Amino acid sequence: MVETIKIKEGIAVNLPYHERRLNRTRRELFGASPDIDLTQTLLIPAFAEKGLFKCRIEYNDHIRNIEFNPYKFRTIRTLRMVEAGDLDYSYKWVDRTAIEKLLEQKAECDDILMVRDGKVTDTSYANIIVRGSDNRWYTPSEPLLRGTMREWLLDNGMIYEREITPASLKRFRELRLINTMLGIEDSESIAVRAICF
């Protein structure tokens, strides 16, 4: 399993959300206890105290490896909608073979936008939000992965859940990507017309 955490200017962002997901996964998949306290376990090295870093924690019933790498935002301007079939990514697996296979269908686009059971879910590495005509941001109510940034934005009333189908997607003004590293303000706007249906 893997947990990725945004380290900004030496601060671990949304740490309680990561700790909750990591420990829930450990309990559900490995029957592991007691919970791991990431505030005690995660020691940020001096080189990661300035700038933006991605902390990657590999674990099963215990933490196996922690690494810190500088992070640069990807540029995503176009998406290709692909059918995800019965893909299950409710846990954040190290093995992303099934998603990598779907990525082969992106053709000239920058990334994919997955559809499962007739509903829009996520891209290959991020949850999505769409802006409605009411100026509110909405996120699919059935994502493949309930990301920590998505959960934080929902808890803080900044986004709202909604069922989004490929047909209803066309009624929204814009789309943005959100994940551990990308908040609403970090993500570039993608025009819905830039999605290859």
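Per-chain numbering applies: the sequence of each chain, read as written, is numbered from 1 onward. Reporting in this predicted model follows two pLDDT cut-offs: at least 70 for local features of residues, and 80 or more for side-chain atom pairs to be given and counted; totals over whole chains, interfaces and linings ignore these cut-offs and use all residues. Only heavy atoms go into the side-chain values, all of them from the structure, while hydrogens and water stay out.

1. What about the pattern of salt bridges?
Next up, step 1: Salt bridges, as used here, are contacts in which a Lys or Arg side-chain nitrogen is within 4 Å of a carboxyl oxygen on Asp or Glu. Scanning the model with the defined rule gives 14 salt bridges in all.
Next up, step 2: Between Glu58 and Arg56 there is a salt bridge whose closest N-O contact spans 2.4 Å.
Next up, step 3: Arg80 is the salt-bridge partner of Glu108, the closest N and O atoms lying 2.9 Å from each other. One end of the pair, Glu108, is in the loop between α3 (97-103) and β6 (111-116); the other, Arg80, is in strand β5 (residues 79-83), with 28 residues separating them in the sequence.
Next up, step 4: Salt bridges linked by common partners bring Arg146, Arg150, Glu151 and Glu161 together as one network. Helix and strand definitions follow DSSP, with helices as H or I runs of at least four residues and strands as E runs of at least two, each counted in order from the N terminus.

2. Some words on the side chain of Thr25
Next up, step 1: Following the sequence through the fold, Thr25 ends up in helix α1 (residues 15-30).
Next up, step 2: The buried label applies to any residue whose accessible area, calculated with a 1.4 Å probe on protein chains only, is under 20% of its type's maximum; exposed applies above 50%, and partly exposed to all values in between. For Thr25, a relative accessible area of 3% translates into the label buried.

3. Concerning the pairing of strand β11 (residues 174-178)
Next up, step 1: Summarising burial for β11: 5 of the 5 residues are buried, a large majority.
Next up, step 2: Residues Glu174, Arg176 and Ile178 of β11 are buried on one face, and the alternating residues Leu175 and Leu177, pointing to the opposite face, are buried as well.
Next up, step 3: Strand pairing is assigned whenever DSSP detects at least two bridges linking the two strands. As paired elements, strand β8 (residues 127-131) and β11 share 5 bridges and run antiparallel to each other. Counted as the bridge partner of Asn127 is Ile178 from β11.

4. Focus on the sheet that holds strand β3 (residues 52-59)
Next up, step 1: The antiparallel open sheet is built from 4 strands, whose spatial order is β2-β1-β3-β4. Looking at the sheet topology across the chains shown, the edges are occupied by β2 (11-12) and β4 (63-70).
Next up, step 2: Taken together, the 2 bridges between strand β1 (residues 2-8) and β2 define a ladder with antiparallel strand orientation. Bridging from a neighbouring strand, Ile7 pairs with Ala12 of β2.

As far as function goes, none of this settles anything; it's purely spatial.
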